[in-house]
Amino acid sequence: MKPEAALAKREQMLHEGYCFVEGILTEDFLQELREESERLIAAHEPPPDVKYQGQHVNVRGEDNDVIQRLLGWAPTRRALEEMGFGDFESTGGIIILTKDPDEPALYWHQDWMEWNDPLSCTPWPQKMFVSYYLSDTTIENGCLKVIPGTHHKRIDLHDQLVPAHEQGARHVEEDHPIMFSDHPHEVDVCVPARAVVLADARLLHSARRNLTDQRRTLILAWHKRPDTVPAYWEGEIPEVIANRDANREYSSSRIPGEYLTG
Ligand SMILES: O=C(O)CCC(=O)C(=O)O
Ligand SMILES: [Fe+2]
């Protein structure tokens, strides 16, 4: 990436909470990932409560050479470094998420689990997903949807949603009027298969129903950075961050509290 392009991606990540970079995977490696994910899915029995996420196969890099190669993939590493995100490290594993033909949409949610921690209001990302969709994504086959800026700003939906995943959302009805609603500020993130998609864990996102006859597969890798101010940051450091007690234990929470303001 050219430095200006990398900077623009970082700015998008900071202000909108997501971005994507095209042409990261080679055609050969993409094919290998398709074959390996199909093999892993075939050996897996999805529990019924993850129907909105599809198969939900967890794989550790240390247990699988192909996944290990993806986690260390040089073009992704280079792109992260160019954007200033070189201090992000993978958590060591991935999740394979699928949408089979006619499988339902994924509900609106965010994936930040530390809402009691002042780090919830960092103006920079602390935790992000690094995602690879193994086919081009479209409105028809269940592309990702995001509401830009919601990683920093509370909107109407935050106070109406059933908390994500195991905290409740997995058990909502398919016609839940809010969890599967259209939002006036939503953006469809349609990406070509060789791209990498990054999103801040705090960002509100969902995915469309798959209306095609082809499986849509995603390999998602969570990445985190240290609890420090990033080297690129030149802006103000919010007082709550500057005064954060790093020795305190902050209990986990998926529900945005005082640290998400309007
Ligand atoms: O299926 C997708 O595109 C997104 C998946 C996701 O956000 C999740 O499972 O938490
Ligand atoms: Fe998510």
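Everything below is about the structure shown above.
Residues numbered from 1 in each chain as written. Chains lettered and ligands numbered in written order. Predicted model: local features only at pLDDT ≥ 70, side-chain atom pairs only at ≥ 80, totals over all residues. Heavy atoms only, no water.

1. Here's the deal with the side chain of Ser37
With respect to the element layout, Ser37 can be found in helix H2 (residues 27-42). The class for Ser37 is buried, based on a relative accessible area of 2%. Engagement of the side chain of Ser37 in a polar contact is seen with the backbone oxygen of Arg34, the distance being 3.0 Å. With residues up to four places along the chain from it excluded, the contact list for Ser37 reads Ile96, Leu134 and Thr217. (Helix = DSSP H or I, 4+ residues; strand = E, 2+ residues; numbered from the N terminus. Buried < 20%, exposed > 50% of the residue type's maximum accessible area, 1.4 Å probe, protein only. Polar contact = N/O pair within 3.5 Å; in protein donor to acceptor, adjacent residues only side chain to side chain. Contact = heavy atoms within 4.5 Å.)

2. A few points about the pattern of salt bridges
Enumeration according to the criterion identifies 17 salt bridges in this entry. Residue Glu174 is joined to Lys51 by a salt bridge in which the shortest nitrogen-to-oxygen separation is 3.4 Å. Of the two residues, Glu174 is situated in the loop between strand E7 (144-146) and strand E8 (187-189) and Lys51 in the loop between H2 and strand E2 (57-60); the sequence distance between them amounts to 123 residues. Taking relative accessible area as the criterion, Glu174 reaches 41% and is therefore assigned partly exposed. Among the salt bridges present, the one from Asp111 reaches Arg254, with a minimum N-O distance of 3.8 Å. Here the residue Asp111 occupies a position in the loop between strand E5 (106-109) and strand E6 (127-133), and Arg254 occupies one in the segment after helix H5 (239-242), the gap between them amounting to 143 residues. The class for Arg254 is buried, based on a relative accessible area of 9%. Salt bridges sharing partners connect three or more residues here, namely Lys145, Asp182, Glu186, Asp188 and Arg208. (Salt bridge = Lys/Arg side-chain N within 4 Å of Asp/Glu carboxyl O.)

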